[in-house]
Amino acid sequence: QVQLVESGGGLVSAGDSLRLSCTASGRTTNSYTTAWFRQAPGKKREFVAVIQYDGGRSKLTDSVKGRFTISRDNAKNTVYLQMNSLKIEDTAVYYCAADPVLMVLSPHENEYEYWGQGSQVTVSS
């Protein structure tokens, strides 16, 4: 069984930066495609970013391109989401998700088997 734990969230001002971490335990996730999703209050959970198991390819949703970066350190079993130039509309609970067999950079949450509990990111004006 794989456990995913997000960390690094918090309360920041618009324009600030945060780095979220998603650390896996229970099993190595070096071969897992890993993604970040977010859910704002009153809204559906949405795709943010995804990275291939070896970090070779990644994809970001349009609203965060140029501001967010996804990366991973497989030696640490950790995937990161660097968030720069944060906007109020980035406020959400951020979840990481991983899947051991997914071989494409999927934005669809139903394709990911393992999920973290989420980390709150609040951006104030």
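S.K.: Mind showing me how you'd approach the nonpolar core here?
M.R.: One recurring pattern in soluble globular proteins is that nonpolar side chains are buried together. Grouped together as the largest cluster of nonpolar side chains are 28 residues, with contacts concentrated most on Trp 36, Leu 81, Met 83 and Tyr 94. Of all elements in the fold, only β3 (18-25), β5 (46-51), β7 (68-73), β8 (78-83), β9 (92-99) and β11 (119-124) reach the threshold of two or more residues within this core.

S.K.: Even after reading the chapter, I still don't get the pattern of salt bridges, so can you show me in this structure?
M.R.: Once the charged atoms of two side chains with opposite charge are near each other, the side chains can pair. Enumeration according to the criterion identifies five salt bridges in this entry. We note a salt bridge from Asp 90 to Arg 38, for which the minimum N-O separation is 2.9 Å. Of this pair, Asp 90 sits in the loop between β8 and β9 while Arg 38 sits in strand β4 (residues 33-39), placing them 52 residues apart in sequence. Both residues of the pair, Asp 90 and Arg 38, belong to the buried class.

S.K.: Please clarify how the state of the cysteines should be interpreted in this entry.
M.R.: Each disulfide is one covalent bond, formed between the sulfur atoms of two cysteines. Tallying each qualifying case throughout the model produces one disulfide. Here Cys 22 engages in a disulfide with Cys 96; their sulfurs sit 2.1 Å apart. When the S-S torsion is 65°, as for the bridge of Cys 22 with Cys 96, the disulfide is right-handed. On the criterion of sequence distance, the pair formed by Cys 22 in strand β3 and Cys 96 in strand β9 is long-range, its members being 74 residues apart.

S.K.: Is there a simple way to explain a nonpolar patch on the surface in this structure?
M.R.: Together, Tyr 53, Met 103 and Val 104 give the surface a local cluster of nonpolar side chains, amounting to about 300 Å² of exposed area. Considering the arrangement of structural elements, one finds Tyr 53 in the loop between β5 and β6 (58-60). Overall, Tyr 53 belongs to the partly exposed group, its relative accessible area being 34%.

S.K.: Can you help me understand the packing of aromatic side chains in this one?
M.R.: Using the criterion set out here, one finds four aromatic pairs in the structure. Judged by centre distance (6.2 Å) and plane angle (15°), the ring pair of Tyr 32 and Tyr 114 falls under stacked. Taken together, the positions of Tyr 32 in the loop between β3 and β4 and Tyr 114 in strand β10 (residues 114-115) put the pair 82 residues apart, joining distant regions of the chain. The buried category is assigned to Tyr 114, whose relative accessible area is 8%.

Basis of the calculations
- Residues numbered from 1 in each chain as written.
- Predicted model: local features only at pLDDT ≥ 70, side-chain atom pairs only at ≥ 80, totals over all residues.
- Heavy atoms only, no water.
- Core = buried A, V, L, I, M, F, W, Y, C linked by side-chain atoms within 4.5 Å.
- Buried < 20%, exposed > 50% of the residue type's maximum accessible area, 1.4 Å probe, protein only.
- Helix = DSSP H or I, 4+ residues; strand = E, 2+ residues; numbered from the N terminus.
- Salt bridge = Lys/Arg side-chain N within 4 Å of Asp/Glu carboxyl O.
- Disulfide = S-S within 2.5 Å.
- Patch = residues over 30% accessible without salt bridge, like charges linked within 9 Å, V, L, I, M, F, W, Y side chains within 5 Å.
- Areas by Shrake-Rupley, 256 points an atom, 1.4 Å probe, with all protein chains shown as cover.
- Phe/Tyr/Trp six-rings, centres within 6.5 Å; stacked < 30°, edge-to-face > 60°.

Coordinates in, geometry out; function isn't part of it.
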